[in-house]
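# Inside the fold
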Amino acid sequence: MIKPLIDFSIALVLISITLPISLLLIIILTVSNAGKPFFFQLRPGKNEKIFKVVKFKTMNDRKDRNGNLLPDADRLTSFGKFVRKTSLDELPQFFNVLIGNMSLIGPRPLLVEYLPLYNNEQRKRHLVKPGITGWAQINGRNSISWQQKFDFDVWYVNNVSFALDMKILFLTLKKVVKSDGINSQTSATMEKFTGNFN
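Along each chain, residue indices are assigned from 1 in the same order as the chain's sequence is written. For this predicted model, a pLDDT threshold of at least 70 governs which residues receive local features, and a threshold of 80 or more governs which side-chain atom pairs are given and counted, while totals over whole chains, interfaces and linings are taken from all residues. The side-chain values count all of the structure's non-hydrogen atoms but skip hydrogen atoms and water molecules.

## Regarding the overall build of the protein chain
If you tally the helices and strands in the protein chain, you get six helices and four strands. Where helices and strands are cited, they refer to DSSP runs of H or I of at least four residues and of E of at least two residues respectively, numbered from the N terminus. Along the protein chain, from the amino end to the carboxyl end, the secondary structure elements read α-β-β-α-α-α-β-β-α-α. Radius of gyration here is computed from C-alpha atoms only, and the compact-globule reference equals 2.2 Å multiplied by the residue count raised to the power 0.38. Whereas a compact globule of 198 residues would reach a radius of gyration of roughly 16 Å, the protein chain reaches 17 Å, a difference of no more than 12%. Its C-alpha atoms give the protein chain principal-axis dimensions of roughly 45 × 45 × 30 Å. By definition, residues are in contact when any of their heavy atoms lie within 4.5 Å. In the protein chain, of all internal contacts separated by at least 6 residues, the share reaching a separation of at least 24 is 67%. Each accessible area is a Shrake-Rupley estimate made with a 1.4 Å probe; only the visible protein chains count as cover when residues are assessed. Carbon and sulfur atoms make up 63% of the accessible area of the protein chain, which amounts to about 11000 Å² in all. Across the protein chain, the mean location of the 27 positive side-chain charges is 3 Å away from that of the 15 negative side-chain charges. By the counting rule applied here, Lys and Arg register as positive and Asp and Glu as negative, while His and the ends of each chain are not counted. Note on charges: their place is set at NZ of Lys, CZ of Arg, CG of Asp or CD of Glu.

Rendered as structure tokens:
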């Protein structure tokens, strides 16, 4: 009962503090992304309820001759790389926290298309609200495997507490400063989850 109030209060403060930075990013990204500073996508939240997540857009919409989007590495702009490296692309998600779709701390919201691919254990990640940062993010972010990511997410669900959230928040700030785990070992972002093979 207390966590939503803490989330709302901190998100409101952080939105106010980061407003000048956000306005500057909107201007620059509007120019670099041909008028599209924001990225919207449907994601599953608590109890798999679908909501729309918002982030700053770090990739353009370049397509191949067949009309298909180019790979992430080819669409990630120079300024987009900086925004991702500094985690500034996550700033708009404070509004998701403000309206109650997300928490500051929790498993990251993944793609809706992954829902049928989870096993029963992995599905437990949806027993709590998704977060801007979480246990998996401070333990490798995009540089760890999908199985490791799910293990960390479920561990968090089973051990959630105020003290753990404060620890994750502190370690997240440390990660952001060091820019650790932004990319996977073989991709500009994170490889697509294709299901379980065991």
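## A short note on a nonpolar patch on the surface
Here, patches come from residues exposed beyond 30% relative accessible area and free of salt bridges, joined within 9 Å for like charges and within 5 Å for nonpolar side chains (Val, Leu, Ile, Met, Phe, Trp, Tyr). Each reported salt bridge corresponds to a side-chain nitrogen of Lys or Arg within 4 Å of a carboxyl oxygen of Asp or Glu. Residues L24, I27 and I28 make up a contiguous nonpolar surface patch of about 270 Å² in total accessible area. Mapped onto the fold, I28 is located in helix α1 (residues 2–32).

## Section: the environment of I26
Mapped onto the secondary structure, I26 falls in helix α1. Three labels apply to residues, based on accessible area from a 1.4 Å probe with only protein chains included: buried if under 20% of the type maximum, exposed if over 50%, partly exposed otherwise in between. Its relative accessible area of 25% is what places I26 among the partly exposed residues. Put simply, I26 and K57 are 31 residues apart on the chain and 9.4 Å apart in space, counted from C-alpha to C-alpha. If we skip the residues at most four places from it in the chain, I26 touches P37, F38 and F56.

## Some remarks on the nonpolar core
Definition used in this section: a nonpolar core is a set of buried Ala, Val, Leu, Ile, Met, Phe, Trp, Tyr and Cys residues joined via side-chain atoms within 4.5 Å. Formed by 23 residues in total, the largest nonpolar core has its most connected members in L25, Y156 and I168. Contributions of two or more residues to this core are made by α1, β2 (50–56), α4 (93–98), β3 (103–105), α5 (146–159) and α6 (162–178). Among the elements that take part in this core, α1 stands out by supplying four residues, more than any other. Once residues within four sequence positions are removed from consideration, I168 is found in contact with I105, T133, G134, W135, I138 and Y156. The next biggest cluster of nonpolar side chains, apart from the first, holds eight residues, and it includes Y114, Y118, W146 and M190.

## Here we look at the confidence of the model for the protein chain
What pLDDT expresses is the predictor's confidence in each residue, scored from 0 to 100. Of the residues in the protein chain, 93% reach a pLDDT of 70 or more, and the chain-wide mean stands at 90. Taking the mean pLDDT of every element in the protein chain, the minimum, 84, falls on helix α2 (residues 72–75) and the maximum, 97, on β3.

## A short note on α1
Along α1, the helix axis deviates most sharply at L19, where the bend reaches about 60°; the proline P20 sits within four residues downstream. Those residues of α1 not exposed but buried are D7, A11, I15, T18, S22, L25 and L29. Its buried side turned inward, α1 meets β2, α3 (78–85), α4 and β3. Downstream of α1 by a residue or two, A34 has a phi angle that is positive, lying close to 55°. What the bend at a residue measures is the angle between two axes, fitted to the seven residues ending there and to the seven starting there.

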